[in-house]
Amino acid sequence: MPRRKIGITYRTMASIARPIVWVLFRRDWAGARHIPADGGFIAAVNHNSYVDPLAYGYFQYTTGRPPRFFAKQTLFKGTFGRLLHAMKHIPVARGGAGALAALEAAATAVRAGEGVVFYPEGTLTRDPDMWPMSGKTGIARVALETGCPVIPVAQWGANLLLPPYGKMGRVFPRRTHQVLVGPPVDLSRFAGREPGPEVWREATEEIMAAITSLLSEIRAIPAPTAPVAPQSPANPDDVPAAIA
């Protein structure tokens, strides 16, 4: 793995995360070839467990493209906050202005060549069958504004250890964390169209369809014909990337 642009702080934190991931999960990771070797990009990932940022984050790190996550602005304080800043994670404040500022920061990071992770649903899935819900449009706004590739990613397995809003299950026997990365979502049909809610919604639906198709492949069962609409979070503090 190339060490350029990663930095000693990220390498140190990854060295701490590695044994945790290895103890908690067997790993079935596929499609890393679709993660761009250079240049800014968005990884569009489904979210079904509080543990999956750790598991997915380490996967992306192993590709040589350290993930830049969104995190609540209140976490960017003290020693932990300095670590988050050093790792180039993106603060999110509640409210419309806070979400827009986070989107602007994400676009800046992409233009600087970073790999930004979006959970397009904006929260843990509340679909009873654990499929992705419909997505928020912030991901499409950044993608169309910057022209960066959007890489769809499906993951499964962390939810078997720690279900959304549920109690943690047994650590052993270990669950298998599966990741399947697909080729960039084709958003070319939106080129030249006037940006706005309709375009952002259509592009977001394309992204969510790609993620859901990959998850269907992982689970080896048909996906639902329509995603569940997001509802109010069961936990009001669940803001991993509640963007627009």
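Look a little higher up for the structure.
Residues numbered from 1 in each chain as written. Predicted model: local features only at pLDDT ≥ 70, side-chain atom pairs only at ≥ 80, totals over all residues. Heavy atoms only, no water.

A. Broad picture of the pairing of strand β7 (residues 150–156). The buried count for β7 comes to seven of seven residues, which makes it a mostly enclosed element. Of the strand pairs in this sheet, strand β2 (residues 41–45) and β7 are connected by four bridges, and their pairing is parallel. Each residue of the ladder has a partner; that of V45, found in β7, is V153. By the bridge criterion, four bridges tie β7 to strand β8 (residues 175–181) in an arrangement that is antiparallel. In the strand pairing of β8, W156 is matched with Q178. (Buried < 20%, exposed > 50% of the residue type's maximum accessible area, 1.4 Å probe, protein only. Helix = DSSP H or I, 4+ residues; strand = E, 2+ residues; numbered from the N terminus. Pairing = 2+ DSSP bridges.)

B. Seen up close, the side chain of D52. Note on placement: D52 falls in helix α2 (residues 52–62). Buried and without a salt bridge, D52 has R126 as its closest oppositely charged side chain, separated by 12 Å. Here the side chain of D52 touches H47 through a polar contact of 2.9 Å, side chain to side chain. Those residues within four positions of D52 in sequence are excluded, and the remaining contacts are N46, H47, G57, Y119, Q155 and A158. (Lys, Arg positive; Asp, Glu negative; His and termini not counted. Salt bridge = Lys/Arg side-chain N within 4 Å of Asp/Glu carboxyl O. Polar contact = N/O pair within 3.5 Å; in protein donor to acceptor, adjacent residues only side chain to side chain. Contact = heavy atoms within 4.5 Å.)

C. Molecular detail of the pattern of salt bridges. Taken as a whole and judged by the stated rule, the model has six salt bridges. Here E145 ties to R111 by a salt bridge, and the two come within 2.8 Å at their closest N and O atoms. Separated by 34 residues along the polypeptide, E145 in helix α5 (residues 138–146) and R111 in helix α4 (residues 96–111) bring together distant segments of the chain. Assessed through its relative accessible area of 53%, E145 is described here as exposed. Overall, R111 belongs to the exposed group, its relative accessible area being 52%. When the shortest N-O distance is used, the salt bridge between E202 and R189 registers 3.5 Å. Of this pair, E202 sits in helix α7 (residues 197–219) while R189 sits in the loop between β8 and α7, and the two are 13 residues apart along the sequence. Assessed through its relative accessible area of 44%, R189 is described here as partly exposed.

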